[in-house]
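Now for the letters of each chain:
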Amino acid sequence: MRIQIFVTGGTFDKEYNELTGELFFKETHLPDMLRLGRCRLDVDVETLMMIDSLQMTDAGRQAILEACLRTPQTRIVITHGTDTMEETAVVLGRGISGKTVVLTGAMVPYTFGSSDGMFNLGTALGFVETLGRDVYVAMNGRCFPCSSVR
C-alpha cells in the first residue's frame, strides 16, 4: 500500500541563515529524513508549497484539500506548520471521506539536529497505516481526530 506524503513547509523544512539569523525555506528535507530513518515503506513525496503555517491561507488549504482528493492513495501524511495545523485539519476533515489523513509537524527545524521532526514523521507514518478513515493530527507520539484538536 503506497502512502502519499504532501509537503507544505512549516518548521520541518526551515533552514537557518547564520548571517542574518533568519529562518527560510530552500527545499524539503523529507527524502533525507526517510533515508536516515531507514524507511522501507512505499511512499510518494510531493511538495505542494513551502510556507510557514502563519502564511497559510484559505486558498492554500483548498489546494491541500484538492491534492488529497486528487491522489488515488487512501493513506496520506501531510507535513504542516504547527501554528495553523488544526485549521487545515478541520478543512480537510469536512472535505475528505474514505481516506486516512495524518497531519504532522515539528517544533524545531530538522536542520538543527535536535528536531522532533524525525520522531513525528515516523509516528505519523505508523498512524496512517493503522488508523481508520478520518483526518488526524499527530505530534509527540500522540494522535487526535481533527474534530478534537485545539
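Below is a summary of the structure that appears in this document. It should be emphasised that the depicted structure is a prediction, and the values quoted were computed from it without experimental measurement. (Residues numbered from 1 in each chain as written. Predicted model: local features only at pLDDT ≥ 70, side-chain atom pairs only at ≥ 80, totals over all residues. Heavy atoms only, no water.)

Our next topic: the pairing of strand β7 (residues 134-139). Along β7, 5 of the 6 residues are buried, which leaves the element largely enclosed by surrounding structure. Bridge count for strand β6 (residues 100-104) against β7 is 5 bridges, and the pairing is parallel. Pairing of L103 across the sheet is with V137, part of β7. Bridge count for β7 against strand β8 (residues 142-145) is 4 bridges, and the pairing is antiparallel. Looking at β8, one finds that Y136 is bridged to P145. Connecting β7 to the antiparallel partner β8 that follows it, the hairpin turn spans 2 residues, and N140 within it adopts a positive phi of roughly 55°. (Buried < 20%, exposed > 50% of the residue type's maximum accessible area, 1.4 Å probe, protein only. Helix = DSSP H or I, 4+ residues; strand = E, 2+ residues; numbered from the N terminus. Pairing = 2+ DSSP bridges.)

The next thing to look at is unusual backbone geometry. The phi dihedral of R38 is positive, around 55°, even though this residue is not glycine. Among the structural elements, R38 can be located in the loop between α1 (30-36) and β4 (43-51). Taking relative accessible area as the criterion, R38 reaches 65% and is therefore assigned exposed. At N140, a position not held by glycine, the phi torsion is positive, near 55°. Tracing the backbone shows N140 in the loop between β7 and β8. We classify N140 as exposed; its relative accessible area is 52%.

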